[in-house]
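Structural overview
Here is how the chains run, residue by residue.
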Amino acid sequence: MKPILVAKWRIDEDPMADQPSSVKWSNGAPAEYEDYLENVNGTHSWLPDEDGIELIMFPDVVADVSFDSDARTWVIRGVGPRTFALDVTDPVASDDQIIAALHLRRIVYKARIHR
């Protein structure tokens, strides 16, 4: 299993416009900007602190999302994420609607959508 990747921006930097001021693996191994680019669209969470903001990336965590006919909502499951319901109740919701709902969570999961 890959370690967690942490990208950090200082308080005076904009994470939406600037490259991170540092990128490191949680196990202490060196990380490069290319590692950030490879993992930025995967499972991640933003954590602000007094010095700036960190993007915590979990390269190996992929959630399975499927419609649960008993609960009548789309549900996320998998190894790593805990099971929870998304606020999407349309059984034929588009991938974009499901992905948008995933981005409303504290942890944004990279997902495999099962239809």
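Summarised in this report is the structure supplied together with it. (Residues numbered from 1 in each chain as written. Predicted model: local features only at pLDDT ≥ 70, side-chain atom pairs only at ≥ 80, totals over all residues. Heavy atoms only, no water.)

1. Re the overall build of the protein chain
If you tally the helices and strands in the protein chain, you get two helices and nine strands. Projected onto the principal axes, the alpha-carbon positions of the protein chain cover approximately 45 × 30 × 20 Å. Counting all 115 residues of the protein chain, 37% fall into the buried class. Taking as baseline every contact in the protein chain between residues at least 6 positions apart, the subset at least 24 positions apart corresponds to 43%. With the model as given, the accessible surface of the protein chain reaches about 7200 Å², and the carbon-plus-sulfur share is 51%. (Helix = DSSP H or I, 4+ residues; strand = E, 2+ residues; numbered from the N terminus. Buried < 20%, exposed > 50% of the residue type's maximum accessible area, 1.4 Å probe, protein only. Contact = heavy atoms within 4.5 Å. Areas by Shrake-Rupley, 256 points an atom, 1.4 Å probe, with all protein chains shown as cover.)

2. Considerations on the packing of aromatic side chains
Note on aromatic pairs: each is described by the distance of the centres and the angle between the planes. Under the criterion given, the structure shown has five aromatic pairs. Pairing phenylalanine 67 with tryptophan 74 gives two aromatic rings, centres 5.7 Å apart and planes at 70 degrees, and the pair type is edge-to-face. On the accessibility criterion, phenylalanine 67 (26% relative accessible area) is partly exposed. With a centroid separation of 6.2 Å and 40 degrees between ring planes, the pair formed by phenylalanine 84 and tyrosine 109 is classed as tilted. Within this pair, whereas phenylalanine 84 is found in strand 7 (residues 84-85), its partner tyrosine 109 is found in the loop between strand 8 (107-108) and strand 9 (110-114), the two being separated by 25 residues in sequence. Side by side, phenylalanine 84 and tyrosine 109 carry an identical accessibility label, which is buried. Taken together, the ring pairs connect Trp9, Tyr33, Tyr36 and Trp46 into an aromatic cluster. Seen from the ring of phenylalanine 84, arginine 105 lies directly overhead, with NZ or CZ sitting 3.9 Å from the centre. (Phe/Tyr/Trp six-rings, centres within 6.5 Å; stacked < 30°, edge-to-face > 60°. Lys NZ or Arg CZ within 6 Å of the ring centre and 35° of its normal.)

3. Concerning the sheet that holds strand 8
Spatially, 2-1-4-3-8 is the arrangement adopted by the five strands of the open sheet, whose pairing is antiparallel. Unpaired on one side and paired on the other, strand 2 (22-25) and strand 8 mark the two borders of the sheet. (Pairing = 2+ DSSP bridges.)

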